[in-house]
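Here is what each chain is made of, one letter per residue.
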Amino acid sequence: MDQAVEKILLVVDEEMSSLKALARLGRQAGMRVYGFETPAALPAWWRENAEKCISQRAPVCLVLDMKSQAAVLASLPAELARISPIVCIGRDAAALSSHQRLSADVFAYLEKPFSLQAMAEVLVAAFHEQARQLGAQRAEDSVRQGFARLTRRETEVCGLVVQGLQNKVISDVLGITLKTVKAHRAKVMAKTGVRSLADLIRAHDIWLRAGEGK
Amino acid sequence: MAEEGLNFALFPSVGEIAQRQLCWVKPEAPISEAARLMHERGVSSVLIQRAGQVHVFTVEDLLHFTAAGRDGDVRVEGASHPVLRIGEDERVLAALEMLESRHERYLGVEDGAGELVGVVTYTDILASIDPSVLVERKTIGELIARNAVYTFTADWILEDVLCHLHRLEDAIIVVEARRPIGILTTKDLFRLVAAGSPLDVPLGSVMTTPVAATQLAATINEVLVLLKARQIKRAVVVDEAGEVVGVVTQSQLVGFAYGSWVNLIKYHASELRELVGILESKARAYEQEARTDPLTGLANRRQLQEQGGQEIERVRRYATSSFSMALIDIDFFKRINDTYGHLVGDRVLQELGERVSSLVRKTDLVVRWGGEEFAVLLPHTDAHAAAEFAERLCQHVAATPFHANIAVTISIGVSVYRGEESLQALFERVDSALYEAKRAGRNRVASA
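Residues numbered from 1 in each chain as written. Chains lettered and ligands numbered in written order. Predicted model: local features only at pLDDT ≥ 70, side-chain atom pairs only at ≥ 80, totals over all residues.

A. Summary view of the overall build of chain B. The number of helices and strands found in chain B is 17 helices and 18 strands. Among the 448 residues that make up chain B, the fraction classed as buried is 27%. Within chain B, counting contacts between residues at least 6 apart in sequence, those at least 24 apart form 62% of the total. (Helix = DSSP H or I, 4+ residues; strand = E, 2+ residues; numbered from the N terminus. Buried ≥ 20, exposed ≤ 12 C-beta atoms within 10 Å, placed from the backbone. Contact = placed C-beta atoms within 7 Å.)

B. Highlighting the overall build of chain A. Scanning chain A for helices and strands turns up ten helices and five strands. Here the contacts in chain A between residues at least 6 apart in sequence split such that 61% fall between residues at least 24 apart.

C. Quick peek at the interface of chain A and chain B. The interface of chain A with chain B comprises ten residues on the first partner and eleven residues on the second. Elements that contribute at least two residues to the side of chain A that touches chain B include exactly helix 1 (16-28) and helix 6 (116-148) of chain A. Per-class residue counts for the side of chain A that touches chain B are five nonpolar, three polar and two charged. (Nonpolar A, V, L, I, M, F, W, Y, C, P; charged D, E, K, R; others polar.)

D. Up close: the sheet that holds strand 4 (residues 86-90) of chain A. Residues and elements named next belong to chain A. Ordered in space as 2-1-3-4-5, the five strands form an open sheet in which the pairing is parallel. The open sheet has two edge strands, strand 2 (32-36) and strand 5 (108-111), and neither has a second partner. Neighbour-to-neighbour, the strand axes of this sheet turn through a mean angle of 15°, independent of strand direction. Here four bridges tie strand 3 (residues 60-65) to strand 4, and the two strands are oriented parallel to one another. By the bridge assignment for strand 4, Asp65 is matched with Ile89. Taken strand by strand, helix 1 contacts strand 1 (8-12), strand 2, strand 3 and strand 4, and its axis lies near 175° from that of strand 2. Most of the contacts of helix 6 go to strand 5, to which it runs at about 170°, and overall it touches strand 3, strand 4 and strand 5. (Pairing = 2+ DSSP bridges. Axes fitted to C-alpha atoms, helices over the stretch in contact; angles between N-to-C directions.)

E. Spotlight on the sheet that holds strand 11 (residues 213-215) of chain B. Residue and element names in this part refer to chain B. One open sheet holds the three strands; their spatial order is 11-12-13, and the pairing between them is mixed. Of all strands in the sheet, those bounded by a partner on one side alone are strand 11 and strand 13 (244-249). Taking the axes of each pair of neighbouring strands and ignoring which way they run, one obtains an average angle of 35° across the sheet. When strand 11 meets strand 12 (residues 234-238), the two strands line up parallel, connected through three bridges. Considered in strand 12, the bridge of Ala213 is made with Val236. Along the sheet face, helix 10 (residues 220-230) touches strand 11, strand 12 and strand 13 and points at about 130° away from the line of strand 12.

F. Region of the structure containing the confidence of the model for chain A. Here chain A averages 87 in pLDDT, and 95% of its residues register 70 or above. By mean pLDDT, the top-scoring element of chain A is strand 1 of chain A (94), and the lowest-scoring one is helix 5 (residues 93-102) of chain A (75). (pLDDT = per-residue confidence, 0-100.)

G. Structural detail: the nonpolar core. Membership of the largest hydrophobic core comes to 55 residues, with the highest contact counts inside it found for A:Val87, B:Ile173, B:Val174 and B:Val236. Those residues within four positions of B:Ile173 in sequence are excluded, and the remaining contacts are B:Val149, B:Thr151, B:Pro180, B:Ile183, B:Val236, B:Val244 and B:Val247. (Core = buried A, V, L, I, M, F, W, Y, C linked by C-beta atoms within 7 Å.)

H. Region of the structure containing the pairing of strand 12 of chain B. Residue and element names in this part refer to chain B. Summarising burial for strand 12: five of the five residues are buried, a large majority. What you see with strand 12 is no split at all: Arg234, Val236 and Val238 on one side and Ala235 and Val237 on the other are buried throughout. Handedness of the strand 11-helix 10-strand 12 crossover: right-handed. Looking at chain direction, strand 12 and strand 13 are connected through five bridges and run antiparallel. Each bridged residue has a counterpart across the sheet, and for Arg234 the counterpart in strand 13 is Thr249. Taking the residues that link successive antiparallel strands as the turn, the strand 12-strand 13 hairpin has five residues, and the phi of Gly242 there is positive, at about 80°. (Right-handed = clockwise from strand over helix to strand, strands pointing away.)

I. Representation of helix 2 (residues 42-55) of chain A in the model. Residue and element names in this part refer to chain A. Under the 1.5 Å per step criterion, the end-to-end length of helix 2 is 19 Å for 14 residues, consistent within 8% with the ideal 20 Å. Maximum bend of helix 2: about 50°, positioned at Asn49. Directly beyond the C-terminal end of helix 2, a positive phi value near 50° is found at Arg57. (Expected span 1.5 Å × (residues − 1). Bend = angle between axes of the 7 residues up to and from the residue.)

J. Looking closely at the packing of helix 15 (residues 342-359) of chain B against helix 16 (residues 383-399) of chain B. All names here are of chain B. Running from amino to carboxyl end, helix 15 crosses helix 16 at an angle of 135°, the nearest separation of the two axes being 11 Å. Here helix 15 is positioned oblique relative to helix 16, judged by the angle of their axes. At the point where helix 15 passes helix 16, the crossing takes the right-handed sense. Packed against helix 15, whose contacting residues are Arg355, Val356 and Leu359, the element helix 16 presents Arg392, Leu393, His396 and Val397 at the interface. Partitioned by chemical class, the residues of the contact of helix 15 with helix 16 number four nonpolar, one polar and two charged. (Parallel < 35°, antiparallel > 145°, perpendicular 65-115°, else oblique. Left-handed = near helix turned anticlockwise from the far one by under 90°.)

Structural data, given as structure tokens:
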């Protein structure tokens, strides 16, 4: 894993105290923290750093004041938006809770005043989620690459195998010999890098969900 | 009475401000028709006679109904509710209290016969009362409605939150589960900085605790009293659950209350003068009551003690001529009471009081000592002159019959104040002289 890559925490809040406290918190946890009082400075920051974050697969989390969230998301590169958890903060409890009902892509809400301990725990969970997202993305990538290498006939055989058909039945369905079915099947396992039928079924599922199965 | 007039000026009666054109609709009329009628007549409610009860359908009901996306063809009776009623002679404050306690906005106004004669709305009432009169009723909740407050938990680092302390009146409230546990003011920060204390410490280690908290429902006056008693400048305001909702400072409160007083004085100067006049005359009456005997209107013992003390003081300080005291008792007063009744007895007491008063100098003090006993304080009077006065009084009373031709005699003990003794000692000597006069056969004077 890319343990060496530094975690990046972006904070946007008009309350200077939040920026300072999170910078302190992040420092203690070995993160690199960037604080912004308004979302206006963010597009420039992305232009300079987004490329690097994406290529290095840097774990990025965002802590955003509820008021600035929309503006931040508008400038956030899509590739990062997909995998970067957002922690939403604010002082207006009522507004925060109605906001919570409206936006599903926020990882967590913390109402001010939150304790530093609570924030630290949320950040750990957020980076954990980020790693999970990143891992899932990697798995998906490798599955997609594997399936892309299959021939048309191998793809056909794979589709029948994951339906649970026996080799004999497959040979009847496709009108090929049992030996050929076995050979295709071995190729499928090798190219997708799976070791068992169960793994193959799971990978096939991911491949289908990624929208490239048909 | 004057007090009535005062009330009138500050708070009109409900009848005075009621809308008297009542707008009735049939219970089966559709809501759309009620709405049209309200619009045409420029009123905010219509009335419906329903099952012997008066119901009201208001603009608010209409909006609520419309917001629910319902059909205007529905009968108006389905969306109406019974209207609260109040007598037209009631003051608007009573109406206000009624509406606030029931969370209503409309009241039916009825005359003495219970006949509905008008409608009064919450808005009508507020408009009729000078806002300054409402100060006493204003609560903290209304004052802090727009006040932002910075709260943090105790683990936040002082250095990080300094940015919220700009002005002298700023403060940071430290909370735990939203309840206030400490406070840090700009002044506290100054103190820490001046002392060179480290600032990278948790708020919990530098906050002031406990915090003076006040309820949202507290009145401005109550909070001012609290701040004064604790000698602090601000109070944290909490809601029913004890959770922080804001901060009020003394200057805010004073400014608010003072501003209201200024307005009150500006617009109601004559009423205030009247009110002050009433209070003063009442105070004078109380003062008088505390110092006089209700039956005879003479001074009471308390006054005698006071003036006797002053006389002693005067004699000691200036070594002027001394003063004397006479103690008078009606002979066989019990017999008068038993023969003629207590009313006549009282009359005799009053008459004796008048006679004694008519025979003394302006500077002398006549006192009802209690029961059938009277006392006279005689400034600048030596023993001889005092005895002479007592003798004259004794003879005058015996010579002139009282009311209903009742013969009354009195016995008198008299003595002069001897320097250095107490007032109590003088009383005792005069009392024993009186006893002497009684024992010697009454209707006479004895000196001590």
